[in-house]
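Here is what each chain is made of, one letter per residue.
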Amino acid sequence: VELQRHFQHVMVQEAPQVNQTDGQSLVHHEVELQRHFRHVTGQQAQQVNQSAHPSFIVLLTTYNEPSRSQMYEKRLEWWLSQTTLPIYVVDSYNAPLAGNLTSIRKFREHHFDQTLVLGTPPAGGSTPAEILSMKNAFEAFKDDWAHVDYVVKITGKYVLPTLTSALATVSKGSDFIVE
């Protein structure tokens, strides 16, 4: 319920032309676009970016277990080197990413252990795990996010080469963005 007050989400299916950095074609992938929360208090409303174009940040969600670490690091390297969007990472396995990624450019990360809340395997499957990740990300980054219009949540194993150009077509004020 608390999360519903802060985020509204929509599942978006991208076409197969989106490629992973290792060159494999994606058949389908999910991208949830969250309309970033805004509190109705006067102080926080004044902090919202007032330009004609909305501002965006990318939230990458990961479960950085050892078998996935290399893949996540390659994807994060792509996001950091191929886009200028602010990047935030929330990892629910509680494992650090490679330290050399910060040499590309700054990004923010938060780690926590989802098994403490959801058990192993996660009770209820992947949906409660994704919601828990977004809740943890919100708590960790809410001060930064108070200054942006939209948080674009992307599963960390994907790259979206056309995301920046797609976001350029978005106007302020949309509750949902569907592509």
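Please refer to the structure placed before this passage.
The text that follows walks through the structure, step by step, so that each part is easy to find. (Residues numbered from 1 in each chain as written. Predicted model: local features only at pLDDT ≥ 70, side-chain atom pairs only at ≥ 80, totals over all residues. Heavy atoms only, no water.)

Helical geometry note: an α-helix holds 3.6 residues per turn, so side chains three or four residues apart project in the same direction. For helix H3 (residues 69-82), built from 14 residues, the straight-helix expectation of 20 Å at 1.5 Å per residue is met to within 8% by its first-to-last C-alpha distance of 20 Å. Burial in H3 covers these residues: Ser69, Tyr72, Arg75, Leu76, Trp78, Trp79 and Leu80. Packing partners of the buried residues in H3 comprise strand S3 (56-62), strand S4 (87-91), strand S6 (150-155) and helix H6 (163-167). (Helix = DSSP H or I, 4+ residues; strand = E, 2+ residues; numbered from the N terminus. Expected span 1.5 Å × (residues − 1). Buried < 20%, exposed > 50% of the residue type's maximum accessible area, 1.4 Å probe, protein only. Contact = heavy atoms within 4.5 Å.)

Assignment of secondary structure puts Pro128 in helix H5 (residues 126-145). A sequence separation of ten residues divides Pro128 from Leu118, and the C-alpha atoms of the two residues are 7.9 Å apart. The residues contacting Pro128, other than those within four sequence positions of it, are Leu118 and Ala123.

Turning to empty space enclosed by the protein, a few remarks are in order. Counted according to the given criterion, the structure contains two cavities of 30 Å³ or more. Reported here for the largest cavity is a volume of approximately 40 Å³. Lining of the largest cavity is provided by Leu60, Thr62, Tyr72, Arg75, Leu76, Val89, Leu97 and Gly156. Looking at the lining of the largest cavity, the elements that each hand over two or more residues are S3 and H3. (1 Å grid on protein atoms, 1.4 Å probe; cavity = no way out; pocket = protein on both sides within 12 Å on 5 of 7 lines; lining within 4 Å. Points joined across faces, edges and corners; volume = space filled by probe spheres on them.)

Right, let's get into the nonpolar core. In this structure, Leu76, Trp79, Ile87, Ile154 and Leu163 are the most contacted members of the largest nonpolar core, which totals 24 residues. Sorting the residues of this core by element identifies S3, H3, S4, S6 and H6 as the ones contributing at least two each. For this core, the leading source of residues is H3, giving five residues. One finds Ile57, Ala137, Phe138 and Val151 within the second-largest nonpolar core, a separate group that totals 14 residues. (Core = buried A, V, L, I, M, F, W, Y, C linked by side-chain atoms within 4.5 Å.)

Further remarks concern H5. With 20 residues, H5 ought to run about 28 Å at 1.5 Å a step, yet its terminal C-alpha atoms sit only 25 Å apart, falling short of that. Roughly 50° is the biggest bend found in H5, and it falls at Glu139. (Bend = angle between axes of the 7 residues up to and from the residue.)

So, about the pattern of salt bridges. Scanning all chains against the criterion turns up five salt bridges. The closest approach of N and O atoms between Asp144 and Arg108, which form a salt bridge, is 2.4 Å. In this pair, Asp144 sits in helix H5 while Arg108 sits in strand S5 (residues 108-111), placing the two residues 36 residues apart along the sequence. A residue is classified by how much of its surface remains accessible, and Asp144, at 28% relative accessible area, is partly exposed. A relative accessible area of 36% means that Arg108 is categorised as partly exposed. For Lys142, the salt bridge is made with Glu139, and the minimal N-O distance between the two is 3.3 Å. With a gap of three residues between them, Lys142 and Glu139 both fall in helix H5, about one helical turn apart. You can call Lys142 partly exposed: its relative accessible area is 32%. (Salt bridge = Lys/Arg side-chain N within 4 Å of Asp/Glu carboxyl O.)

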